[in-house]
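Listed below, chain by chain, are the residues.
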Amino acid sequence: MGPDRLLAHHAGAIDPKLADWIKHQIDSVSGLGPGTIVIVLGAMIVVFPLVLGVLAVRARRQQQQQGEDSN
Amino acid sequence: MARRARREGTFYGWYVALALFFSIFLSVGLRQGYGVFVSTWQDDFSVSVATVSIAAAVGWLMNGLSQPIFGRITDVMGGRGVILVSLLVMGGGSVAMAAVPNVYVLIGLYGFIISFATGGVSFTPAGVIVARWFRRKRGVAISLLTTGGSAGGLVLVPFAAYLLAFSNWRMAWLVMGLLILGLAVPLIALVVRSDPAEMGLQPDGDDAPAEGDVQSGPPAGPLDAKRWRDSLSSPPIWQLSVAYVVCGVTTASIAVHFVRWAESESISPGTAAIAFGVLSGINGLSVVAVGLLSDRMPRRVLLGSVYFIRAFAFLALVFLPGQAALWSFAIIGGMSWLATVPLTTALAADVYGVRHLGVLAGFINMAHQMGGAAAVYLFGLVFDRYNTYDPAYLAGAALLVLAAITALSIKERKYSARYAPVSAPAIAQAGSAGASTTGDSGGP
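Residues numbered from 1 in each chain as written. Chains lettered and ligands numbered in written order. Predicted model: local features only at pLDDT ≥ 70, side-chain atom pairs only at ≥ 80, totals over all residues.

Considering the packing of helix H14 (residues 340-352) of chain B against helix H15 (residues 357-386) of chain B
Residues and elements named next belong to chain B.
Then comes step 1: With their axes 10 Å apart at the nearest point, H14 and H15 run at an angle of 140 degrees to one another. By the criterion of interaxial angle, the relationship of H14 to H15 is oblique. In the crossing of H14 with H15, the sense of the turn from one axis to the other is right-handed. Residues Thr-344, Thr-345, Ala-348, Ala-349 and Tyr-352 of H14 pack against Leu-357, Leu-360, Ala-361 and Ile-364 of H15.
Then comes step 2: Here the contact of H14 with H15 is composed, by residue class, of seven nonpolar, two polar and no charged. (Axes fitted to C-alpha atoms, helices over the stretch in contact; angles between N-to-C directions. Helix = DSSP H or I, 4+ residues; strand = E, 2+ residues; numbered from the N terminus. Parallel < 35°, antiparallel > 145°, perpendicular 65-115°, else oblique. Left-handed = near helix turned anticlockwise from the far one by under 90°. Contact = placed C-beta atoms within 7 Å. Nonpolar A, V, L, I, M, F, W, Y, C, P; charged D, E, K, R; others polar.)

Here's what the structure looks like:
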């Protein structure tokens, strides 16, 4: 039993068999090709930091504005 | 007590926590995603699974060892710089993985460099930053980071698997490296600040404290010490570490041996995987629930309860028959799986303040990793000798009861800033007098 069998606690590598099984389940449920799923998951990964960055910049500007108004 | 902020909008600390959530998401996802490539490398490099696994084993060790080092650097230079540099190394290393020519370079690059760097994008520096930004809502904010790790496994691992299916492993690592360099690095640089004071803010978004207010400046704790080594002479750091070693022992052993245990009970790997998915789902809910509860009640009580609950899960594996054991463990164990992370980090911050929290949290996390590594080996030995995991699981249950008692024995009302507020003069006194002395004087 090697360390390659580490599953998902903290930051160990996932069990290769489990990863393969999960992929098989997603395939059978979604019926989508790998390219489509890469695009869907990739979009989720890309959109989150972009939206967060925009919101954070807006919040910082709003805060600066409030600081100037209070002064 | 500082007055609550009357500003409009969301407290900026939540944006910081969410940006750190994303960095943890990538860091944990990248390391868990390693398993996706094992069989491909086995074929490409014409080596055994065991050889490819050396990189994962070395990586586990390096990640553990790096924690106190990055923790110390976080205390001295701030967590933002640590996370940024670590992300650059992680991202650059992942891009370089695309050009790995053989398994030896793989071991060097992934096992040593990338895994060491992921220690700089872990709960240690991220937890310190969040602990600086939050005082009253520290538990729920740190639990948000913890869910980032769970989300990394849920999203990035399938993403890596489909990238591999869609192209090849070199392209997959290149894309993941570019995601880190192109998204995480700018996000952390843009959004995260190591301390709210850098933006003229107070923890929790409170207004600036009036002169003489307690809890002004960076969050302190009754055992705040001038030198971090002084903290080692106080009981809570050892109580937290001992309990966290048991956390590492019981989670790493299950993580590695769960499928094999299921097979020994004539349960299919697929059913075991579904059960582990149930465990992960319940775990996600329990981490958030524990975070919310821990800001309203004593953290030691919750921490002790989490260890007790996990002990019952281990006993279920021994005393219940196959399927009943599997699902009982998934449900009961799910309530406790990652819930220890926000509780332990938040409690350490409450007790010791944030001045040396990086190195102290780093030591606690290293203890977790070392305990986990030892348990993975020892549980395997037990199975090989007795052809059953029962003795190992019984030992795990006994250790968990010990961990629960240890956590419950922490004198939180005496040592936590939540119950024994620390004034600025007391912190200065703590610095000159040492941890144990001030701890005694800091109680109500």
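Describing the nonpolar core
All names here are of chain B.
Then comes step 1: Counting 158 residues, the largest nonpolar core has Leu-20 and Val-130 as its most contacted members.
Then comes step 2: If you tally residues by element for this core, the top one is helix H10 (residues 235-264), at 16 residues.
Then comes step 3: With residues near it in sequence (within four places) discarded, Leu-20 still touches Ala-126, Ile-129, Val-130, Leu-145 and Val-192. (Core = buried A, V, L, I, M, F, W, Y, C linked by C-beta atoms within 7 Å. Buried ≥ 20, exposed ≤ 12 C-beta atoms within 10 Å, placed from the backbone.)

A look at helix H6 (residues 123-133) of chain B
Residue and element names in this part refer to chain B.
Then comes step 1: Among the 11 residues that make up H6, 11 are buried, leaving the element largely enclosed by the rest of the structure.
Then comes step 2: For H6, the full list of buried residues reads Phe-123, Thr-124, Pro-125, Ala-126, Gly-127, Val-128, Ile-129, Val-130, Ala-131, Arg-132 and Trp-133.
Then comes step 3: The elements touched by buried residues of H6 are helix H1 (12-33), helix H3 (49-77), helix H4 (79-97), helix H7 (138-166), H14 and H15.

Focus: unusual backbone geometry
What you tend to see is this: most non-glycine residues have negative phi, and most peptide bonds are trans.
Residues and elements named next belong to chain B.
Then comes step 1: Even without glycine at this site, Ser-46 takes up a positive phi of about 50 degrees.
Then comes step 2: The class of Ser-46 is exposed, set by 10 C-beta atoms lying within 10 Å.
Then comes step 3: At Asn-387, a residue that is not glycine, the phi angle is positive and equals roughly 60 degrees.
Then comes step 4: Locating Asn-387 in the fold gives a position in the loop between H15 and helix H16 (390-408).

Thoughts on the packing of H3(B) against helix H5 (residues 103-118) of chain B
Residue and element names in this part refer to chain B.
Then comes step 1: The geometry of H3 relative to H5 is characterised by a closest axis approach of 7 Å and an angle of 25 degrees between their N-to-C directions. One element, H3, and the other, H5, form an angle in the roughly parallel class. In this structure, the crossing between H3 and H5 has a hand that is right-handed. Note on element contacts: H5 touches H3 through Val-103, Leu-106, Ile-107, Tyr-110, Gly-111, Phe-112, Ser-115, Phe-116 and Thr-118, opposite Thr-51, Val-52, Ile-54, Ala-55, Val-58, Gly-59, Met-62, Asn-63 and Ser-66.
Then comes step 2: Within the contact of H3 with H5, the residues separate by chemical class into 11 nonpolar, seven polar and no charged.

Details of the confidence of the model for chain B
Residue and element names in this part refer to chain B.
Then comes step 1: The share of residues in chain B with pLDDT of 70 or more is 90%, and the mean pLDDT across the chain is 85.
Then comes step 2: The spread of mean pLDDT over the elements of chain B runs between helix H19 (residues 435-441), the lowest at 36, and H4, the highest at 97.
Then comes step 3: Long-range and interchain partners of residues 1-6, a stretch whose pLDDT sits below 50, account for 14 contacts in this model, where long-range means more than four residues apart.
Then comes step 4: Predicted confidence is poor over residues 425-444, with pLDDT under 50, and the contacts of this stretch with residues over four places away or in other chains come to 38 contacts.
Then comes step 5: Two numbers describe this predicted complex: its pTM, 0.83, and its ipTM, 0.80. (pLDDT = per-residue confidence, 0-100.)

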